[in-house]
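Coordinate inspection notes
Residues per chain, in single letters:
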Amino acid sequence: MKITQIFAEHEVTISFEVFPPKTDDRYAAVEKAAREIAALHPAFMSVTYGAGGGTSSNTAAIAADIQDKYHTPVLAHLTCVSSTREHVRSMVQVYREKGIENIMALRGDLPKEGRSIFEYSHASELIYDIKSIDDQFCIGGACYPEGHVECESPSADIRYLKEKVEAGVDFLTTQMFFDNNVLYNFLYRIREAGIEVPVLPGIMPITNKKQVARSVALSGSTIPQRFRMMVDRFGDDPAKMKQAGVIYATEQIIDLISNGVTHIHVYSMNKPDIAAGIMNSLSAILDN
């Protein structure tokens with residue numbers, strides 16, 4: 001099922017993300033995590049691509065398993081980084097053969113050795129190519145409520161975002177954020193710019209202290225004082241920090257739904273217990 005169709009049929013949705021193993025010996029563990037998350041009946045699950053597309057075969061296999069064995073719609077990622085046009089054409093064909101209808105088209109994280117010369121410079125080029133190869137896919141793209149860390153200004157970031165949408169994006173998913181006001185301000189600015197596609201807030205439950213520095217470094221997210229106080233108070237006690245992190249993320253989601261932002265994506269980091277904690281807290285709210 002296409003994700004845009006899911007949005008049309010359900011007033012409120014929660015979806016989760018899983019990432020494939022970097023090595024084949026970890027495949028069974030990731031498959032188990034995906035199965036347990038699928039058992040929570042999310043609206044859909046996304047499966048990431050890995051740095052440089054190194055896990056592409058596992059992305060396709062896990063996504064197909066989630067859809068075929070557990071009857072959960074999937075969003076399979078595809079990235080520009082290290083992808084040739086030939087490789088993209090091949091992956092689009094693989095996804096089509098496996099019955100996958102949704103692709104998340106991203107630039108992807110640059111390799112640690114730095115920027116190289118790729119056949120794709122921007123996600124908009126990848127989106128355009130996917131649409132040119134097979135225009136039956138529902139395509140998602142990324143957006144950055146606080147601006148992309150590499151972009152020169154918020155206005156330029158929105159200009160590039162509009163290019164993605166014009167290339168064929170059907171919906172957008174945000175980078176993580178920890179202050180909902182950041183999202184509300186972002187939505188106002190992009191709507192003013194004429195970007196009208198659905199936007200899914202990306203919520204990252206922070207359940208251990210080490211995640212904080214990593215998350216800020218990757219996303220450039222602002223850390224609100226309330227969040228800092230939570231980490232300071234509970235960060236050295238894993239059990240308390242885990243519970244507090246799930247509650248903080250759940251409170252973000254409840255506030256979003258209360259303000260009319262009703263389709264939400266959770267970066268669940270292959271942790272079924274985290275996903276279950278959120279779904280259990282929202283069970284009545286999600287009964288639609």
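See above for the structure.
The structure reproduced in this document is the subject of the present report. Note that the coordinates shown come from a computational prediction; the quantities given were computed from them, not determined experimentally. (Residues numbered from 1 in each chain as written. Predicted model: local features only at pLDDT ≥ 70, side-chain atom pairs only at ≥ 80, totals over all residues. Heavy atoms only, no water.)

In this structure, Thr13 sits in strand E1 (residues 13-18). Judged by relative accessible area, Thr13 falls into the buried class, the value being 3%. In contact with Thr13, other than residues within four places in its own chain, are Ile6, Phe7, Ala43, Thr262, His263 and Ile264. (Helix = DSSP H or I, 4+ residues; strand = E, 2+ residues; numbered from the N terminus. Buried < 20%, exposed > 50% of the residue type's maximum accessible area, 1.4 Å probe, protein only. Contact = heavy atoms within 4.5 Å.)

Let's shift gears to the nonpolar core. Looking at soluble globular proteins, one finds that nonpolar side chains tend to be buried together. Counting residues in each nonpolar core, the largest one holds 64 residues, and the members touching the most others are Ile14, Leu78, Tyr95, Ile130, Leu172 and Ile253. Among residues more than four places away in sequence, those in contact with Ile253 are Ile14, Ile203, Ile264, Val266, Ile278 and Leu282. Within the second largest apolar cluster, 13 residues are counted, among which are Phe227, Met230, Ala244 and Tyr267. (Core = buried A, V, L, I, M, F, W, Y, C linked by side-chain atoms within 4.5 Å.)

The computed volume of the second largest pocket comes to approximately 260 Å³. Surrounding the second largest pocket, 14 residues form its lining, His10, His41, Pro42, Ala43 and Leu286 being those nearest its centre. For the lining of the second largest pocket, the residue count by class is 10 nonpolar, four polar and no charged. (1 Å grid on protein atoms, 1.4 Å probe; cavity = no way out; pocket = protein on both sides within 12 Å on 5 of 7 lines; lining within 4 Å. Points joined across faces, edges and corners; volume = space filled by probe spheres on them. Nonpolar A, V, L, I, M, F, W, Y, C, P; charged D, E, K, R; others polar.)

The terminal C-alpha atoms of helix H7 (residues 180-192), which comprises 13 residues, lie 19 Å apart, in line with the 18 Å expected from a rise of 1.5 Å per residue. Listed as buried for H7 are Asn180, Val182, Leu183, Phe186, Leu187 and Ile190. Within H7, the buried residues cover an arc of 145 degrees as seen down the axis, which keeps them to one side. In H7, the exposed positions that point more than 90 degrees away from the buried face belong to Tyr188 and Glu192. Buried residues along H7 sit in contact with strand E5 (138-143), helix H6 (154-167), strand E6 (171-176), strand E7 (199-203) and helix H10 (238-258). (Expected span 1.5 Å × (residues − 1). Arc of directions from axis to C-beta.)

Attention now goes to helix H2 (residues 27-38). Taking 1.5 Å of rise per residue, the 12 residues of H2 would be expected to cover 16 Å, and the 16 Å separating its terminal C-alpha atoms lies within 8% of that figure. For H2, every residue scored as buried is listed here: Tyr27, Val30, Ala33, Ala34, Ile37 and Ala38. When H2 is viewed along its axis, its buried side chains cluster within an angular range of 135 degrees and face the same direction. Summarising the contacts, the buried residues of H2 are in contact with E1, strand E2 (45-47), helix H3 (56-70) and helix H11 (272-281).

A few words on the pairing of E6. Across the six residues of E6, five count as buried, placing the element largely inside the fold. Of the pairings in the sheet, the one linking E5 to E6 comprises four bridges and is parallel in character. Paired with Cys143 across the strands is Thr174, a residue of E6. For the segment spanning E6, H7 and E7, crossover handedness is right-handed. (Pairing = 2+ DSSP bridges. Right-handed = clockwise from strand over helix to strand, strands pointing away.)

Where H2 meets H3, the closest approach of the two axes is 10 Å, and the angle between their N-to-C directions is 35 degrees. For the crossing formed where H2 meets H3, the hand is right-handed. Residue-level inspection shows Tyr27, Val30, Glu31, Ala34, Arg35 and Ala38 of H2 in contact with H3, the latter providing Asn58, Ala61, Ile62, Asp65, Ile66, Lys69 and Tyr70. Grouping the amino acids of the contact of H2 with H3 by side-chain chemistry returns eight nonpolar, one polar and four charged. (Axes fitted to C-alpha atoms, helices over the stretch in contact; angles between N-to-C directions. Left-handed = near helix turned anticlockwise from the far one by under 90°.)

With parallel pairing, the eight strands of this closed barrel are ordered in space as E1-E2-E3-E4-E5-E6-E7-E8. Averaged over all pairs of adjacent strands, the angle between their axes in this sheet comes to 30 degrees, without regard to strand direction. Inspection of the sheet shows strand E4 (residues 102-106) paired to E5 by three bridges, in the parallel sense. Residue Asn102 lies in a different strand from E5, and its bridge partner there is Cys138. Sheet strands touched by H3: E1, E2 and strand E3 (74-79). Its angle to E3, the strand with the most contacts, is close to 170 degrees.

Geometric values such as these leave the question of function open.
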